[in-house]
Every structure is written in C-alpha cells, then in structure tokens.
Amino acid sequence: ERFGALIAHSKAPMVDAEACEAVVAECEERASALGGWTTARHENYPTTDVPLQKLPRALAWFRESLLPDVAYPFLARAFGFAMPLPDGTPPDARLGVRVVDAFVVKYDAAAGQRLLKPHRDGAVFSFNVALNALDEYEGGGTYFRQLERAGAESAIRSERGHLLAHSSALMHGGHPITSGVRYILVAFCTLPSHPEWAYKFYEHVRDGDGPEEEV
C-alpha cells in the first residue's frame, strides 16, 4: 500500500506472530535481568529501546531471515525507482542498502514513553515492524506530517507483523498511545556505496517536506 512515493506499508503481515513474540520476549527477559530498558541511546529524540546487538537470538533472525527474505525485497519494490542502479539492473536492495542501526522500541501508556516527537532520521530509508497486536494498545502508529497536510489520516497503525518503510528525511514520529503497550522493531538504512547520491536524495526529500517545526 502506497502513501505517496516515499511511504510504503505492507497489505498483509510479512512476519509471523511467533517471530514477533520471540523478539518481544527476549527484550523483556533482558530488561528483567538488567533492571529495565535503555532510554538514552538517541540524544535528540530518545526512545525506550533495546539495540538488536544486545539480543543474540533476535539479531540472528534479523540478519538471516528478516533482512534477506522480507525487508530488502520490500525496500526494493517500494523504492527501487529511487535507487542508483545501472540501467537495466532490476531493483534489489541487497545491492547497496546496509542497516546502520536496529532496535526494539517500547511505548507504555501506564509507566514509560507514550510518544516520540516528530523528527527526521539520520539515514536514507527507515522501516519498522509491528511486534504486537493492535488490540493490545489504543492510539499509537507512525505519524507523518506529509499525510496530515494532505488531509489524510496522519498516523499509520500497523497490525502485528506488518512492515512500514519510508524515506528517513520525512518528518515523522510515534503517535501517542493512550492505553496498553506497543512494541516495534526499527531499522535505519543507508547506501554506503553511493554516499553523494544518498546525501542529495535526503536533501531533496527534506526540502520538499518543509521546515523543521514540530507539529
């Protein structure tokens, strides 16, 4: 499902419930053992999260299954038109996309982070996977200023297993949850083999998206 050229949302779940539940369980196991989730990894827009590098089982699944079988093909279909590939080369995100950060975010309406203010990511493409069901929380979703300005529903809410990808330069945020707990897996992607193109693409999207003021 497309929301303009720079936002793509899966029409059906792309990750099974068992895999999603396993990631959440590993996060909570780690938090219980260490006394909580991290809250200060991102200086300007901190999230309550766990980096995937601290989750051995989830990291192995991410590298061996999610990226090659789900995320990279999805990014290629969604944004292949924008990737700097030689003429005649079919879009394939594995040709140049690299993940520079991946982490699981927890939004907790009762005792924790409820939202994330609008911001831009320091990458080229970003994606997230919903790790729990919509009936486990109210509100939430990924807010996009571009959608709000277009008069559409400004927050895209994902059922468990769905993937949402977008240009990192779009102003977006975590819409507030009003009850329950929401978990998502987030990844930031770059194109290290084409740094000049990546920089120009980011600038082009950012400049077209408008000034930095928060909504």
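Structural notes, computed from the coordinates. (Residues numbered from 1 in each chain as written. Predicted model: local features only at pLDDT ≥ 70, side-chain atom pairs only at ≥ 80, totals over all residues. Heavy atoms only, no water.)

### Points about the packing of helix α1 (residues 17-34) against helix α2 (residues 56-79)
Contact geometry for α1 and α2: axes closest at 9 Å, N-to-C directions at 145°. Contacts between α1 and α2 involve Ala19, Val23, Glu26 and Glu29 from the former and Pro56, Arg57, Ala58 and Trp61 from the latter. A class-by-class count of the residues in the contact of α1 with α2 yields 5 nonpolar, no polar and 3 charged. (Axes fitted to C-alpha atoms, helices over the stretch in contact; angles between N-to-C directions. Helix = DSSP H or I, 4+ residues; strand = E, 2+ residues; numbered from the N terminus. Contact = heavy atoms within 4.5 Å. Nonpolar A, V, L, I, M, F, W, Y, C, P; charged D, E, K, R; others polar.)

### Here we look at the packing of aromatic side chains
Counting across every chain of the model gives 5 aromatic pairs. Ring geometry for Trp37 and Tyr183: centres 6.1 Å apart, planes at 35°, overall tilted. Here Trp37, found in the loop between α1 and β2 (49-51), pairs with Tyr183, found in strand β11 (residues 177-190); they are 146 residues apart in sequence, far enough to count as distant. As far as burial versus exposure is concerned, Trp37 and Tyr183 are alike and both buried. Here the aromatic residues Phe79, Phe125, Trp197 and Phe201 are joined through ring pairs into a cluster of three or more. (Phe/Tyr/Trp six-rings, centres within 6.5 Å; stacked < 30°, edge-to-face > 60°. Buried < 20%, exposed > 50% of the residue type's maximum accessible area, 1.4 Å probe, protein only.)

### Thoughts on the sheet that holds strand β8 (residues 155-156)
Strand order in the open sheet formed by 4 strands is β4-β10-β7-β8, and the pairing between neighbours is antiparallel. The sheet terminates laterally at β4 (116-119) and β8, the two strands that pair on one side only. Examined bridge by bridge, strand β7 (residues 142-144) and strand β10 (residues 172-174) share 3 bridges and lie antiparallel to one another. When the bridges of β10 are listed, Phe144 appears paired with His172. (Pairing = 2+ DSSP bridges.)

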